[in-house]
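The lines below spell out each chain.
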Amino acid sequence: MKKHLITLLLLLIVPLLLSGQSSDPLISKCAMNSGEGTTYLKDFRVQLPKGTTQTELRQKQVFPLSKNMKYRFTLCNADNSKGELIMKIKDNEGKFILSSFDSKSGKIYPSVDFTCNKTGTYQIYFDFRDFQPGLGVGIVSLVK
Amino acid sequence: MLGKLIIIQFVVILLVFSCKSSTRKSAEFVFPESDSIPISEAEKLSDEAIDDISRNISSPVEISDILQKMSVPFSNGYLASSIDARRQSTSFEKALKLGILGADLGYLNMYEKTGTSIDVLSSINKFADGIDVGQFFDFETIKRLSLNRTNLDSLMLLSLSSYNQIDKYLRDKGRGQLSALMITGVWIEGQYLATQVLKQHPDSILRNRVGEQKIILNDLLMLLAPYCNSNSEFTSLCRDMQDLKEKYRDIKITYTVGEPIMEEKNGSLVVTQTEESKVEMTDEQLNAIIAITGNIRNKLISND
């Protein structure tokens with residue numbers, strides 16, 4: 001009887017909890033993985049086919065970042081994504097700021113913390129490692 | 001013959017000097033505002049170029065974070081309480097007020113005043129329905145999360161992502177003018193919040209934040225520019241925003257060069273920017289910005 005009651009309660013509560021998320025489950029899951037003490041600011045959904053002749057990361061977004069703010073970029077891949085999401089940031093003048101992919105070691109960082117000291121509009125580039133096809137999401141959060 | 005030679009020499013000298021002067025001009029420091037596109041040119045901006053202009057819906061959240069770090073107490077007085085969503089209004093007003101209330105919602109949520117945000121939520125819901133984007137604003141769920149105050153992270157995610165979705169949908173459906181208005185509403189309310197707090201709580205970080213808005217304002221004006229001549233409401237808004245831009249004209253933003261420092265911590269990459277932006281703004285300039293921001297924002301929320 002107790003087990004049935006718990007199951008019934010779970011059936012009632014779980015949908016309620018899930019409905020308090022963004023409409024895209026991948027975005028919700030990734031935002032919730034950004035860690036404690038962070039506040040979601042923006043998501044970038046990335047879906048790309050296999051690239052052939054590219055040398056630069058293919059999806060470009062722009063986003064303003066402000067001085068004295070610490071941002072966290074969290075990168076997540078869909079379960080069935082073949083490629084692994086990577087990201088590169090340049091400032092407004094095209095100066096390289098950071099990359100989530102270390103080409104020397106081949107390491108991909110799923111999370112990057114950036115302490116911004118120059119207010120401006122930044123260019124955020126996304127792609128999948130080796131220009132593989134894939135589906136993923138990049139979340140920008142504020143670290144409090 | 002001699003006369004012709006003199007004329008040729010004169011033309012050559014004139015050309016040489018005119019080239020020199022243009023070289024000197026291009027070597028001058030280019031201030032962010034100087035490279036802004038005039039309204040007449042911006043009206044010709046392609047959709048792709050407009051997509052490349054940044055849109056920041058989260059700036060009031062960042063400002064609220066600064067206020068909390070400054071230990072500034074929450075105040076209802078900063079909210080746009082006079083907005084009445086039951087009044088008949090145009091799409092222009094609805095989109096603009098949707099943005100203004102979105103900023104207020106961010107401020108309320110950051111201060112965990114979620115129980116008192118229900119009126120704001122109801123108005124947001126009405127304005128969103130009024131411009132046919134209500135499907136992106138899950139009023140019932142946001143209201144439930146606000147009343148329960150149990151899951152603030154979900155509340156912030158759902159509120160902000162709703163606005164991001166509305167912005168994307170409006171642009172995708174060729175209703176960029178409403179998206180530009182919503183973004184303007186968010187920005188002006190965030191700017192109002194920051195400037196009003198500065199009047200009572202002087203703080204260097206918040207002051208710099210207000211000064212640096214010169215860069216963001218430039219983007220915002222480019223976003224609005226294609227619609228400035230579309231009707232009288234837009235023309236009036238653009239004129240007000242141009243007046244605000246005038247107040248920012250002599251504020252200097254300089255940069256010191258540096259390379260980012262990268263290190264690995266607990267499997268994550270941590271990057272600190274050493275390049276720095278610095279704002280030079282006098283008290284008179286700040287006071288002028290505070291005054292004009294208040295005037296524009298109060299005009300936008302008035303029910304006249």
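No experiment lies behind these values; they were computed from the predicted model shown.

### Overview of the overall build of chain A
Item 1. When you go through chain A residue by residue, the secondary structure sums to two helices and 10 strands.
Item 2. Going from the N terminus to the C terminus, chain A shows its helices and strands as α-α-β-β-β-β-β-β-β-β-β-β.
Item 3. Counting the 144 residues in chain A, one finds 42% classified as buried.
Item 4. Long-range contacts, defined as pairs at least 24 residues apart, comprise 81% of the intrachain contacts of chain A with a sequence gap of at least 6.

### Section: the nonpolar core
Residues and elements named next belong to chain B.
Item 1. One finds Ile-100, Ile-124 and Leu-224 to be the most contacted residues of the largest nonpolar core, which totals 105 residues.
Item 2. For this core, the element with the highest residue contribution is helix 9 (residues 176-200), accounting for 12 residues.
Item 3. Apart from residues lying up to four places away in sequence, Ile-124 is in contact with Leu-98, Leu-101, Gly-102, Leu-105 and Phe-137.

### Quick look at unusual backbone geometry
Residues and elements named next belong to chain B.
Item 1. One non-glycine residue, Ser-71, adopts positive backbone phi at about 60°.
Item 2. Topologically, Ser-71 is positioned in the loop between helix 4 (59-69) and helix 5 (91-110).
Item 3. Taking the C-beta count within 10 Å as the criterion, Ser-71 has 7 such neighbours and is therefore assigned exposed.
Item 4. In this structure, Glu-112 takes a positive phi of about 60° despite not being glycine.
Item 5. Mapped onto the fold, Glu-112 is located in the loop between helix 5 and helix 6 (118-130).
Item 6. A count of 12 C-beta atoms within 10 Å places Glu-112 in the exposed class.

### What to know about the sheet that holds strand 9 (residues 120-128) of chain A
All names here are of chain A.
Item 1. Reading across from one edge, 2-9-4-5 is the order of the four strands in this open sheet, with antiparallel pairing throughout. A single partner strand is all that each edge strand has here, and the edge strands are strand 2 (59-65) and strand 5 (96-99). Put simply, the sheet's adjacent strands are angled 25° from each other on average, direction ignored.

### Some details on the interface of chain A and chain B
Item 1. Tallying the contact residues gives 37 residues for chain A and 38 residues for chain B.
Item 2. The element best represented in the side of chain A that touches chain B is strand 8 (residues 111-116) of chain A, accounting for six residues.
Item 3. Looking at the side of chain A that touches chain B residue by residue, the classes come out as 16 nonpolar, 15 polar and six charged.
Item 4. Sheet topology places strand 8 of chain A next to strand 3 (residues 268-272) of chain B; four bridges connect them, and they run parallel. In the strand pairing of strand 3 of chain B, Asp113(A) is matched with Val270(B).

### Quick notes on helix 8 (residues 152-172) of chain B
One turn of an α-helix holds 3.6 residues; hence residues three or four places apart share an orientation.
Item 1. Given a rise of 1.5 Å per residue, 21 residues ought to cover 30 Å, and the 30 Å separating the end C-alpha atoms of helix 8 of chain B matches this to within 8%.
Item 2. Within two residues after helix 8 of chain B, Gly174(B) carries a phi angle of roughly 70°, on the positive side.

### Some points on the sheet that holds strand 2 (residues 261-265) of chain B
Item 1. The six strands are arranged 1(A)-10(A)-3(A)-8(A)-3(B)-2(B) in an open sheet whose pairing can be described as mixed. Looking at which strands have only one partner, the edges of the open sheet turn out to be strand 1 (38-48) of chain A together with strand 2 of chain B. Strand after strand, the sheet turns through a mean of 20° between neighbouring axes, direction not considered.
Item 2. By the bridge criterion, 10 bridges tie strand 1 of chain A to strand 10 (residues 134-143) of chain A in an arrangement that is antiparallel. Paired with Tyr40(A) across the bridge in strand 10 of chain A is Ser141(A).

Each value, and the rule that gives it
Residues numbered from 1 in each chain as written. Chains lettered and ligands numbered in written order. Predicted model: local features only at pLDDT ≥ 70, side-chain atom pairs only at ≥ 80, totals over all residues. Helix = DSSP H or I, 4+ residues; strand = E, 2+ residues; numbered from the N terminus. Buried ≥ 20, exposed ≤ 12 C-beta atoms within 10 Å, placed from the backbone. Contact = placed C-beta atoms within 7 Å. Core = buried A, V, L, I, M, F, W, Y, C linked by C-beta atoms within 7 Å. Pairing = 2+ DSSP bridges. Axes fitted to C-alpha atoms, helices over the stretch in contact; angles between N-to-C directions. Nonpolar A, V, L, I, M, F, W, Y, C, P; charged D, E, K, R; others polar. Expected span 1.5 Å × (residues − 1).

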